[in-house]
Amino acid sequence: MGDMPVMIITGTRKGIGEHLAHHYLGKGFVVVGCSRGGSSIDNEYYKHFSLDVSNEKEVSNMLSYVRNNYSRLDVLINNAGIASMNHSLLTPIHTAERILSTNVIGSFLLMRESVKLMLPHKYGRIINFTTFAVPFKLEGEAVYAASKAAVESLTEVLSREYARYGITVNAVAPPAIKTDLIKGVPRQKMESLLNRQSIHRYGTVEDVSNVIDFYIQPESDMVTGQIVYLGGV
Amino acid sequence: MNSEITAIILEALNDIESDIPLIEDQIDETPLYGAQGILDSLDLVNLIVAIESMINDKLNFVITLADEKAMSQKRSPFQSVGSLAQYIDDIMQEHTNG
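Since we're looking at a predicted model, the values are computed, not measured.

(A) Spotlight on the overall build of chain B. What chain B contains, in helices and strands, is 4 helices and 0 strands. Going from the N terminus to the C terminus, chain B shows its helices and strands as α-α-α-α. For a compact globule of 98 residues, the expected C-alpha radius of gyration is about 13 Å, and chain B comes in at 13 Å, within 12% of that figure. Per-residue burial over chain B gives 42% buried out of 98 residues. Taken as a whole, chain B presents about 5600 Å² of accessible surface, with 46% of it coming from carbon and sulfur.

(B) Summary view of the overall build of chain A. Scanning chain A from terminus to terminus reveals 7 helices and 7 strands. Sequence-ordered secondary structure for chain A, helices as α and strands as β, is β-α-β-β-α-β-α-β-α-α-β-α-α-β. Its C-alpha atoms give chain A a radius of gyration of 17 Å, near enough to 17 Å, the size a compact globule of 233 residues would have. Referenced to the eigenvectors of the C-alpha coordinate spread, the extents of chain A come out at roughly 50 × 35 × 35 Å. Expressed as a percentage of its 233 residues, the buried residues of chain A come to 52%. The contacts in chain A between residues at least 6 apart in sequence include a share of 70% that link residues at least 24 apart. Surface summary for chain A: the accessible area is close to 10800 Å², and the carbon and sulfur share equals 52%. Put simply, chain A has 23 plus and 22 minus side-chain charges, and the middle of one group is 3 Å from the middle of the other.

(C) Local environment of the nonpolar core. Within the largest apolar cluster, 33 residues are counted, with the highest numbers of intra-cluster contacts made by Ile8(A), Met62(A), Leu63(A), Val66(A), Leu73(A), Leu110(A) and Ile126(A). Residue assignment for this core shows that the elements contributing at least two residues are strand E1 (6-10), strand E2 (30-35), helix H2 (56-70), helix H3 (93-118), helix H5 (142-163) and strand E6 (167-173) of chain A. Ranked by residues supplied to this core, first place goes to H3(A) with 7 residues. Not counting the four nearest positions on each side in its chain, Leu110(A) is found in contact with Ile8(A), Thr10(A), Val53(A), Val59(A), Met62(A), Leu63(A), Leu76(A) and Asn78(A). Within the second largest apolar cluster, 29 residues are counted, among which are Ile5(B), Ile20(B), Leu65(B) and Val81(B).

(D) Fine view of the packing of aromatic side chains. Residue and element names in this part refer to chain A. Enumeration over the complete set of coordinates arrives at 5 aromatic pairs over all chains. Relative to Phe 29, the ring of Tyr 24 has its centre 5.6 Å away and its plane inclined at 85°; by these criteria the two rings are edge-to-face. Residue classification places Tyr 24 among the buried positions, given a relative accessible area of 0%. Residue Phe 29 is classed as buried on the basis of its relative accessible area, which comes to 11%. For the pair Phe 214 and Tyr 215, a centre-to-centre distance of 6.0 Å together with 40° between the ring planes defines the contact as tilted. Site record: aromatic cluster; members linked through ring pairs are Phe 49, Tyr 65 and Tyr 70.

(E) Representation of the interface of chain A and chain B. With 13 residues of chain A in contact, the opposing surface of chain B contributes 11 residues. Summed over both partners, the interface of chain A with chain B buries about 1000 Å², with 48% contributed by carbon and sulfur atoms. Of all residues in chain A, the largest losses of buried area upon contact with chain B belong to Arg67(A), Lys116(A) and Tyr165(A), amounting jointly to 44% of the total for that side. In this structure, the salt-bridge partner of Glu52(B) is Lys116(A), at a minimum N-O distance of 2.7 Å. Run the count over chain A and chain B and you get 3 residue pairs in polar contact (both at pLDDT 80 or more). The greatest single-element share of the side of chain A that touches chain B, amounting to 7 residues, is contributed by H2(A).

(F) Region of the structure containing H5(A). Residue and element names in this part refer to chain A. Between the first and last C-alpha of H5 there are 31 Å, a value that for 22 residues agrees with the 32 Å anticipated at 1.5 Å per step. Buried residues of H5: Tyr 144, Ala 145, Ser 147, Lys 148, Val 151, Glu 152, Leu 154, Thr 155, Leu 158, Ser 159 and Tyr 162, and no others. At its buried positions, H5 is contacted by H3, strand E5 (124-129), helix H4 (133-136), E6 and strand E7 (227-229).

(G) Examining unusual backbone geometry more closely. Positive phi is not limited to glycine here, since Ser71(A) has a value of about 55°. Relative to the assigned elements, Ser71(A) resides in the loop between H2 and strand E4 (75-78). One non-glycine residue with positive phi stands out, namely Asn60(B), at about 55°.

(H) Highlighting empty space enclosed by the protein. Here the structure, examined in full by the defined rule, presents 1 cavity of 30 Å³ or more. In this model, the largest cavity occupies a volume close to 110 Å³. Surrounding the largest cavity, 13 residues form its lining, Ser60(A), Arg67(A), Glu113(A), Glu52(B) and Val62(B) being those nearest its centre. Of all the secondary structure elements, the ones that give two or more residues to the lining of the largest cavity are H2 and H3 of chain A together with helix H2 (41-59) of chain B. Ranked by the residues each element gives to the lining of the largest cavity, the list is headed by H2(A), at 4 residues. In terms of residue class, the lining of the largest cavity is made up of 4 nonpolar, 5 polar and 4 charged.

The rules behind these values
Per chain, the residues get numbers from 1 upward, laid out in the order the sequence is written. All chains are assigned letters beginning at A, and all ligands numbers beginning at 1, according to the order in which they are written. Per-residue local features are limited, in this predicted model, to residues with pLDDT of at least 70; the limit for side-chain atom pairs, both in listing and counting, is 80 or more; totals at the level of whole chains, interfaces and linings are taken over all residues. Note: side-chain values were computed over all heavy atoms of the structure, leaving out hydrogens and water. Each helix corresponds to a stretch of at least 4 residues labelled H or I by DSSP, and each strand to a stretch of at least 2 residues labelled E; elements are numbered beginning at the N terminus. C-alpha atoms define the radius of gyration, and 2.2 Å times the number of residues to the power 0.38 defines the globule rule. Relative accessibility under 20% of the residue-type maximum defines a buried residue, over 50% an exposed one, and the middle range a partly exposed one, all with a 1.4 Å probe and only protein chains included. Using a 1.4 Å probe, the Shrake-Rupley method yields the accessible areas, and only the shown protein chains count as cover for residues. By the convention used here, residues are in contact when the closest approach between their heavy atoms is within 4.5 Å. The charge count includes Lys and Arg as positive and Asp and Glu as negative, but it does not include His or the ends of the chains. Charge positions are represented by NZ for Lys, CZ for Arg, CG for Asp and CD for Glu. For our purposes a nonpolar core is just a set of buried Ala, Val, Leu, Ile, Met, Phe, Trp, Tyr and Cys residues, chained together by side-chain atoms within 4.5 Å. Centre distance within 6.5 Å is the pairing criterion for rings of Phe, Tyr and Trp, where only the six-membered ring of Trp is used; planes under 30 degrees apart are then read as stacked, over 60 as edge-to-face, and the remainder as tilted. A quick way to say it: buried area is the sum, across both parts, of accessible area lost when two parts are put together, with a 1.4 Å probe. Each reported salt bridge corresponds to a side-chain nitrogen of Lys or Arg within 4 Å of a carboxyl oxygen of Asp or Glu. Polar contact criterion, stated in full: a pair of N or O atoms within 3.5 Å, where within protein one must be able to donate a hydrogen and the other to accept it, and residues adjacent in sequence count only if both atoms are side-chain atoms. The span one expects for a helix is its residue count, reduced by one, times 1.5 Å. Only protein atoms enter the 1 Å grid, on which a cavity is a set of points fitting a 1.4 Å probe that cannot get out and a pocket is an open set with protein on both sides within 12 Å along at least 5 of 7 lines, lining residues being those with an atom within 4 Å of a point. Grid points are joined across faces, edges and corners, and a volume is the space filled by probe spheres set on the points. Classification convention: Asp, Glu, Lys, Arg as charged; Ala, Val, Leu, Ile, Met, Phe, Trp, Tyr, Cys, Pro as nonpolar; all other residues, Gly among them, as polar.

Structure representation (structure tokens):
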């Protein structure tokens, strides 16, 4: 296990995160995953933590486990995120706080703590998740879009802060995919969304792992601070 | 405990190749960061990462040095080797007692 590259993926219980965990376990990574609940993945190279990504102590403990057991961290994929699709006048403040806390503070915290492990090796790859709701300025997703706009800012600023350490920071916006995140969105709205994308069809989780494969390959060491919107905006 | 922490700070300084001149009898007074300090902000980042990692490895304790308390204190704990050792000791004591 000593020579295997190590990756942290947040939000691995279902959807894109679960796919990514299986995808990179298949490519020879040790995957450390986390979600609020238990694990759905059974693999000897997979270790699961049940935690809240915005809880500093819980995140530090997970990183401490990685340090003590593997002494390295090659890739961080900040996939965990929550959305609430609602008019701003119908959005309780607690919901707004929860979205910002998970999406912004969670991503920031994971990056800050992960870089401490990457820095001594002068190598690291960080992938954040954003959404086409940012460039499309989607009505009904004000707080979600604002939280992801913040993630895009973090991606761009931290790509500069970490460049000297050989660490790249990039982001990917998945296309419309049939996951839990959009199950409450009316069909008509989804169709009008698909029509705004350059490519008018649903994407797949493989489209997302394809972009991440590109970001994390060693040859991509000049690629940083970039955001790919799948489907085209 | 304090001398153990001081030893970790010195080892971390050595690791980040800071070239800080240490005075044998007055190691605690060695300035680190701030008005009299020799480290720049990037050195400080490297030093913090190195110290946190060593405390985890050697003392089996998970610590975050750049916390609210450290950043809001009038007298920064990163001013000197002695103030930093004391600060780390305080955090560890607080954790043990609390």
